[in-house]
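What the coordinates show
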Amino acid sequence: MSGNKVGGLILVVLGTVFLAENLGWISWREIWKWWPVLLIALGLSMLFGRK
């Protein structure tokens, strides 16, 4: 992924999280439980995304 796509994806995910929290679908406690998984996914995308 290029830098523009990664930045756009981060903004979309962040916006989705804020929307879901405002609608009462999730809470911040649930989000913080998943930060290690997001960090691993980011690392894997950096590792395997390069050609």
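Everything below is about the structure printed above this text.
The text that follows walks through the structure, step by step, so that each part is easy to find. For clarity, every value in this text was computed on a predicted model and none was experimentally measured.

With that settled, the discussion passes to a nonpolar patch on the surface. Taken together, the side chains of Leu14, Phe18, Trp28, Trp32, Trp35, Leu39, Leu42 and Met46 define a hydrophobic patch exposed on the protein surface, amounting to about 860 Å² of accessible area. Of all the elements, helix α3 (residues 35–49) adds the most residues to the nonpolar patch, at 4 residues. Position of Met46 among the secondary structure elements: in helix α3.

Here we come to the layout of surface pockets. Take a probe with the size of a water molecule and roll it over the atoms, and the empty space left behind shows itself. The volume enclosed by the largest pocket comes to roughly 660 Å³. As for the largest pocket, its lining consists of 18 residues, and the residues nearest its centre are Leu9, Ile10, Val13, Leu14 and Leu38. Taken together, the elements giving at least two residues each to the lining of the largest pocket come down to α1 (3–22), α2 (28–33) and α3. In terms of residue class, the lining of the largest pocket is made up of 16 nonpolar, 1 polar and 1 charged.

Thresholds applied
Residues numbered from 1 in each chain as written. Predicted model: local features only at pLDDT ≥ 70, side-chain atom pairs only at ≥ 80, totals over all residues. Heavy atoms only, no water. Patch = residues over 30% accessible without salt bridge, like charges linked within 9 Å, V, L, I, M, F, W, Y side chains within 5 Å. Areas by Shrake-Rupley, 256 points an atom, 1.4 Å probe, with all protein chains shown as cover. Salt bridge = Lys/Arg side-chain N within 4 Å of Asp/Glu carboxyl O. Helix = DSSP H or I, 4+ residues; strand = E, 2+ residues; numbered from the N terminus. 1 Å grid on protein atoms, 1.4 Å probe; cavity = no way out; pocket = protein on both sides within 12 Å on 5 of 7 lines; lining within 4 Å. Points joined across faces, edges and corners; volume = space filled by probe spheres on them. Nonpolar A, V, L, I, M, F, W, Y, C, P; charged D, E, K, R; others polar.

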